Amino acid sequence: MQFRYPRSFFKLLAVGFFLAVLPLMAGLFANTVAIQRLAAQSQQAVFDAARIAHGSRQLAEIVPTLERAARQSQVLQDASLKAGYAQLRQEFADLIEHMRQMPLDKEMRTLLTQMVDQEQAAFDLQQQPAKAKAANALFAGLTSTGRNMLAHSNAVIDREAEALSARASEAEASARIQLLVVIPVALLVVAGFTYLLARPIAQLEAGIRGLGEQRLHERVVVEGPEDLVQLGERLNWLRERLQQLEEQKAQFLRHVSHELKTPLTALREGSELLAEGTAGALQPRQQEIVGIVRENSIHLQHLIEDLLRHGEAEFRAARVEIKNFSLPELVAQVLERHGIALEARQVEVEPNVVNRKVQSDPERVRVILDNLLSNAIKHAPQGSVVELSISLEDQQLHIHVLDTGPGVPEEARERIFEPFYRGATPPGSKVKSTGLGLSICRDHVRALGGNIIVGTGRGDFLVSLPVETVA
């Protein structure tokens, strides 16, 4: 059975709080009712016990007075004493009737009946002077029965106290059991609704992270309240819009490169033909102009290639292909590509490379080395030496490129890796910088999880990349 989310996230939150509090409220209500019932029972029991004890005490006290009045009326034969005796008998009868209205146990009711019988028998014998001693004996028995009644009422009070204590213990045990049941239920409800609340939020977070990491092909799926689902749809709209923009940018780069290819090819071929003298010998001034055209066509070609490489670096930023490769072999390939530039600038590279195989993305490492060396060769003075050091330490590949050029000005250190940022053109350089080489280098370093900084030297760059060594 699939859970049906409410239309609003706040409704879901309110329902979660209500269901989490509901078991606690039910337990509190049940305990309140139990305590009120126990209090009512205790009050009634105390009230009844007090009435019984008071009535028993009155009976125990009236019996000696009744016996004394009976003897006085028999001996003195006075009308007022007989009237007083009759009044005491009526009080005794009223007290007996009052006691019978109380919640007495069977034994106490038997004692009441026995006292009534004893008093009536004593009264009957009291009317016969010859049987006065027998009447006195009955009065003595009546007194003893009254004392038994009082003692039994005290015992009833003790039993009620014990019963109240037992009921209180039962109520406490019941409250403890309810507590042991209610708290896990409440925690289970809280855990369930926490999952229901966290699930759509986690999906939104994953969708936003995917947009930030340029995983634009992954659809944002949010399952939850309608307002959060709508928010997920807006993220999908944003994803599709970003995807369209990325496609437009890539299409623009392809179109620009294609449209520029034809005139660039014509410029290159025309300048080469003129420089070779195919169209006839050139005068020195003409040769100079042809050289300028040829130089700028090469510069334009480099610009196009850098733009395409920068677009490719962004497009492949989320993909890393881990392979085993040899560091010395990779450095040799990079140096071979820069052979002409090194010869033209009369610059030498002193490589100090650890002879090891590592696991990383060789193409990205090659691009990093290529751009760092290209930058160093461009800014190094003619006839100078560029130092290239590659070492391994604690699963970190350290690349250090140092040239003796003017270095990076302090005010440019924060912007040197920004796309299209160009520093001062090196003296004697015929090709202006595109401002993309170091930006592309940083993109690849970040894609590999590394770090690149400008060192304290004149032309000093430090790169650290996490790698796995190969035995």
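Given the structure is predicted, the values throughout are model-derived calculations rather than measurements. Going along each chain's sequence as written, the residues are numbered from 1 onward. Per-residue local features are limited, in this predicted model, to residues with pLDDT of at least 70; the limit for side-chain atom pairs, both in listing and counting, is 80 or more; totals at the level of whole chains, interfaces and linings are taken over all residues. Excluding hydrogens and water, the side-chain values take into account all heavy atoms of the structure.

**With respect to the overall build of the chain**
And then number 1: A tally of helices and strands in the chain yields 10 helices and 8 strands.
And then number 2: Burial statistics for the chain: of 471 residues in total, 33% are counted as buried.
And then number 3: In this description, contact between two residues means that some pair of their heavy atoms is separated by no more than 4.5 Å. Pairs at least 24 residues apart make up 72% of the contacts formed inside the chain by residues separated by at least 6 positions.
And then number 4: Total accessible area on the chain stands at roughly 28400 Å², and carbon and sulfur atoms take up 57% of it. Helix and strand labels come from DSSP, where a helix needs a run of H or I of at least four residues and a strand needs a run of E of at least two; each type is numbered from the N terminus. Summary of the burial criterion: residues with accessible area below 20% of their type's maximum are buried, those above 50% are exposed, and those between are partly exposed, where the area comes from a 1.4 Å probe applied to protein chains only. Shrake-Rupley sampling with a 1.4 Å probe provides the accessible areas, and residues are treated as covered by the protein chains on show and by no other component.

**Examining the nonpolar core**
And then number 1: Buried Ala, Val, Leu, Ile, Met, Phe, Trp, Tyr and Cys residues that are joined via side-chain atoms within 4.5 Å together make up what is termed a nonpolar core. Grouped together as the largest cluster of nonpolar side chains are 38 residues, with contacts concentrated most on Leu369, Leu372, Leu388, Ile399 and Leu465.
And then number 2: Among the secondary structure elements, those contributing two or more residues to this core are helix 7 (327-337), helix 9 (362-379), strand 4 (385-393), strand 5 (396-403), helix 10 (437-447), strand 6 (451-454) and strand 7 (459-466).
And then number 3: Here the element with the most residues in this core is helix 9; it accounts for 7 residues.
And then number 4: Excluding its chain neighbours within four sequence positions, the residues that come into contact with leucine 465 are Val365, Ile368, Gln395, Gln396, Leu397, Ile399, Val445, Leu448 and Gly450.

**Considerations on a nonpolar patch on the surface**
And then number 1: Patches here: salt-bridge-free residues with over 30% relative accessible area, like charges joined within 9 Å, nonpolar side chains (Val, Leu, Ile, Met, Phe, Trp, Tyr) joined within 5 Å. Each reported salt bridge corresponds to a side-chain nitrogen of Lys or Arg within 4 Å of a carboxyl oxygen of Asp or Glu. Together, Ile177, Val181 and Val185 make up an exposed nonpolar region whose accessible area comes to about 250 Å².
And then number 2: Mapped onto the elements, valine 185 comes out in helix 4 (residues 132-212).

**Things to note about helix 2 (residues 79-100)**
And then number 1: A helix is expected to reach a length of 1.5 Å times the quantity of its residues less one. With 22 residues, helix 2 should reach 32 Å at 1.5 Å per residue; the first-to-last C-alpha distance of 32 Å fits that figure.
And then number 2: Of the positions making up helix 2, those classed as buried are Tyr85, Leu88, Arg89, Phe92, Leu95, Ile96 and Met99. When helix 2 is viewed along its axis, its buried side chains cluster within an angular range of 125° and face the same direction. More than 90 degrees from the buried face of helix 2, the exposed residues found are Ala79, Ser80 and Gln87. In this description, one arc is meant: the one made by directions from the helix axis to the C-beta atoms.

**Re the environment of valine 221**
And then number 1: Along the chain, valine 221 falls in the loop between helix 4 and helix 5 (226-276).
And then number 2: Among the residues examined, valine 221 registers a relative accessible area of 49% and is labelled partly exposed.

**Some points on the pattern of salt bridges**
And then number 1: Evaluated as defined, the whole model comprises 5 salt bridges.
And then number 2: Notably, a salt bridge pairs glutamate 240 with arginine 239, separated by 3.8 Å at the nearest N-O pair.
And then number 3: When its relative accessible area of 36% is taken as the criterion, glutamate 240 is described as partly exposed.
And then number 4: As a salt-bridge pair, arginine 366 and glutamate 363 come within 2.5 Å of each other at their nearest N and O atoms. On the criterion of helical spacing, the pair formed by arginine 366 and glutamate 363 is a turn pair, its members being 3 residues apart in helix 9.
And then number 5: For arginine 366, a relative accessible area of 17% gives the class buried.

**A closer look at the confidence of the model for the chain**
And then number 1: In the predicted model, the chain carries a mean pLDDT of 75, and 79% of its residues have values of at least 70.
And then number 2: Confidence, read as mean pLDDT per element, is least for helix 6 (residues 284-315) in the chain (70) and greatest for strand 1 (residues 323-326) (90). The pLDDT value tells you how sure the predictor is about a given residue, anywhere from 0 up to 100.

**Structural notes on the sheet that holds strand 8 (residues 468-470)**
And then number 1: Reading across the sheet, the 3 strands line up as 1-3-8 and stay open at both edges, with antiparallel pairing between neighbours. Each having just a single partner strand, strand 1 and strand 8 make up the two edges of the open sheet. Each neighbouring strand pair of the sheet contributes to a mean axis angle of 35°, computed without reference to strand direction.
And then number 2: A pair of strands is considered paired only if DSSP assigns at least 2 bridges between the two. As defined by bridge partners, strand 3 (residues 357-360) adjoins strand 8 across 3 bridges and the pair is classed as antiparallel. Residue valine 358 lies in a different strand from strand 8, and its bridge partner there is threonine 469.
And then number 3: Interaxial angles span 0 to 180 degrees and are taken between N-to-C directions of axes, which are lines fitted to C-alpha atoms, for helices over the stretch in contact. This element, helix 7, spans strand 1 and strand 3 of the sheet and lies at about 70° to strand 1.

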